[in-house]
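One letter stands for each residue in the lines below.
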Amino acid sequence: MYTRYFSRLLSAMAGPRPVVFSGPSGAGKSTLLKKLMNEYDSVFGFSVSHTTRNPRAGEENGKDYHYVTREVMQAAIENGEFIESAEFSGNMYGTSKAAVQDVQAKNLICILDIDMQGVMKIKTTDLRALYVSIQPPSMAVLEKRLRDRKTETEESLQKRLKAAKKDMELGKEPGVFDVLIVNDNLEDAYGQLKLALLEEISKVKKVNMSS
Ligand SMILES: Nc1nc2c(ncn2[C@@H]2O[C@H](COP(=O)(O)OP(=O)(O)O)[C@@H](O)[C@H]2O)c(=O)[nH]1
Ligand SMILES: Nc1ncnc2c1ncn2[C@@H]1O[C@H](COP(=O)(O)OP(=O)(O)O)[C@@H](O)[C@H]1O
């Protein structure tokens, strides 16, 4: 009984578990995350990554990403400011320590949207994250969604599709992800996502209401 009490106490003290989202580019991670953050804005906080890619129409510096040059990012990594960083489709991406700390300081569930290299790195840290894989119904659907999104050149589209094939295989390996969601119908996928996070959401709501 005491063991259970102390383990609960310890986990409450450590704050809510971060949630790591991964899956092929175009699977619908941003779409699902935006829905989640809109509905539960006092529960979740987004870990704003750094990237060297150019902002897309509608993206905001400091909200979607911190847009930086390769030189600036490299220097910050060498200075020990990042938890993880990776090269994806010709650009650098990375999670700074500050990005996660900013969210955790507000006692919110920290959401990370990162590629498979990032997932493997975060698994070696003490972040105790919950890992959610968002997958498309098929490669054909993924390609259509990426083309319809109209954000990529033919070259970056091909790079994303190549990475997606690898991602989809790795994502299916047992033990990597706690939750796997196939984003076919958006509302169904969102329902599954909320169900998977229900316990963590209610924990945060309870703690934040009593403080
Ligand atoms: N390792 C790592 N991957 C990231 C990070 N931020 C974003 N990514 C991943 O980089 C990939 C490309 O992201 P982005 O350029 O926004 O394109 P999109 O996924 O097609 O919308 C996605 O798989 C993201 O999950 C990060 O901080 N670290
Ligand atoms: N369930 C869905 N059905 C149809 N289109 C979708 C669905 N989910 C996302 N999309 C669309 O597919 C494209 C890729 O989604 P996005 O959220 O940008 O993916 P990711 O963040 O994983 O790269 C977007 O244009 C988005 O509006």
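Structure: above.
About the criteria used
- For every chain, the first residue of its written sequence is number 1, and the numbers climb from 1 along that sequence.
- Chains and ligands are labelled sequentially in the order written, the chains with letters from A and the ligands with numbers from 1.
- Local features in a predicted model are, by the rule used here, given only for residues with pLDDT of at least 70; side-chain atom pairs are given and counted only at 80 or more, and totals for whole chains, interfaces and linings are based on all residues.
- Each side-chain value is worked out from all heavy atoms of the structure, with water and hydrogens disregarded.
- Here, any two strands with at least 2 DSSP bridges between them count as paired.
- Each helix is a run of DSSP H or I of at least 4 residues and each strand a run of E of at least 2, with the numbering of both proceeding from the N terminus.
- Axes here mean lines fitted to C-alpha atoms, for a helix over just the part in contact, with angles spanning 0 to 180 degrees between N-to-C directions.
- The contact criterion used is simple: two residues touch if any of their non-hydrogen atoms lie within 4.5 Å.
- Only heavy atoms are used to decide nearness, and a residue is near a molecule or strand if one of them lies within 4 Å of it.
- The definition of a polar contact used here is a pair of N or O atoms within 3.5 Å, where within protein one atom must be able to donate a hydrogen and the other to accept one, and adjacent residues in sequence count solely through side-chain atom pairs.
- Method for areas: the Shrake-Rupley scheme with a 1.4 Å probe, in which residue coverage is limited to the protein chains shown.
- Gly falls in the polar group here, along with every residue not listed as nonpolar (Ala, Val, Leu, Ile, Met, Phe, Trp, Tyr, Cys, Pro) or charged (Asp, Glu, Lys, Arg).
- Between 65 and 115 degrees an angle is taken as roughly perpendicular, under 35 as roughly parallel, over 145 as roughly antiparallel, and anywhere else as oblique.
- Handedness of a crossing follows from how the near helix is turned relative to the far one, being left-handed for an anticlockwise turn of less than a right angle and right-handed for a clockwise one.
- Salt-bridge detection follows one rule: a side-chain nitrogen of Lys or Arg within 4 Å of a carboxyl oxygen of Asp or Glu.

Draft legend 1. Highlighting the sheet that holds strand β5 (residues 82-88). Ordered in space as β4-β3-β6-β5, the 4 strands form an open sheet in which the pairing is mixed. Bordering the open sheet on either side are β4 (65-67) and β5, each of which pairs with just one other strand. Strand-to-strand twist across the sheet, computed as the mean angle between neighbouring axes with direction ignored, equals 25 degrees. As judged from the 2 bridges shared by strand β3 (residues 49-51) and strand β6 (residues 91-96), these two strands associate in the antiparallel manner. Within β6, the residue paired with Thr51 across the bridge is Tyr93. Its contacts with the sheet put helix α3 (residues 70-78) on β3, β5 and β6, and the angle it makes with β6 is roughly 40 degrees. Contacting β5 and β6, helix α4 (residues 97-105) crosses the sheet at an angle of about 40 degrees to β6.

Draft legend 2. Here's a closer look at the site of ligand 1. The environment of ligand 1 is made up of 18 residues, and the closest members are Ser25, Arg53, Tyr65, Tyr93 and Asp113. Note that an oxygen atom of ligand 1 is positioned 3.4 Å from one of the backbone N or O atoms of Ile114. Here ligand 1, which alone exposes 570 Å², has 96% of that area covered by the protein. If you list the elements that add at least two residues to the shell around ligand 1, you get β5 and β6. Residue composition of the shell around ligand 1, grouped by class: 5 nonpolar, 5 polar and 8 charged.

Draft legend 3. Just the packing of helix α2 (residues 29-39) against helix α8 (residues 186-210), in detail. For the pair α2 and α8, interaxial distance at closest approach is 10 Å and the crossing angle is 60 degrees. Viewed along their axes, α2 and α8 adopt a mutual orientation that is oblique. Pair α2 / α8 crosses with right-handed handedness. Of α8, the residues touching α2 (which contributes Thr31, Leu32, Lys35, Leu36 and Glu39) are Leu186, Glu187, Ala189, Tyr190, Leu193, Lys194 and Leu197. In terms of residue class, the contact of α2 with α8 is made up of 7 nonpolar, 1 polar and 4 charged.

Draft legend 4. Inspection of the site of ligand 2 at higher detail. In the region of ligand 2, 14 residues are neighbours, and Gly26, Ser30, Thr31, Arg149 and Asn183 sit closest. Within the contact set of ligand 2, an oxygen atom lies 3.3 Å away from a backbone nitrogen or oxygen of Ala27. Expressed as a share of its isolated accessible area of 560 Å², the protein-covered part of ligand 2 is 74%. Listing elements by their share of the shell around ligand 2, those giving two or more residues are α2 and α6 (139-149). Top element by residues in the shell around ligand 2 is α2. It accounts for 3 residues. In terms of residue class, the shell around ligand 2 is made up of 3 nonpolar, 7 polar and 4 charged.

Draft legend 5. Summary view of the side chain of Asp115. Mapping Asp115 onto the fold places it in the loop between β7 (109-113) and α5 (116-122). Of the polar contacts made by the side chain of Asp115, one reaches the side chain of Gln117; its length is 2.7 Å. With sequence-adjacent residues up to four places away left out, Asp115 is seen in contact with Ser22, Ala86 and Phe88.

Draft legend 6. The arrangement of the pattern of salt bridges in detail. For the structure shown, the criterion picks out 14 salt bridges. Where Asp64 meets Lys34, a salt bridge forms, and the shortest distance between an N and an O atom there is 3.5 Å. Of this pair, Asp64 sits in the loop between β3 and β4 while Lys34 sits in helix α2, and the two are 30 residues apart along the sequence. Among the salt bridges present, the one from Glu152 reaches Arg160, with a minimum N-O distance of 3.1 Å.

Draft legend 7. Focus on the sheet that holds strand β1 (residues 19-22). What the 5 strands build is an open sheet, ordered β2-β7-β1-β8-β9; its pairing is parallel. Single-partner strands in this sheet number two, and they are β2 (44-46) and β9 (179-182). Each strand of the sheet is rotated relative to its neighbour by a mean of 25 degrees, with strand direction disregarded. Bridging between β1 and β7 involves 3 bridges; their strand directions are parallel. Bridging from a neighbouring strand, Phe21 pairs with Asp113 of β7. Along the sheet face, α4 touches β2 and β7 and points at about 150 degrees away from the line of β7.

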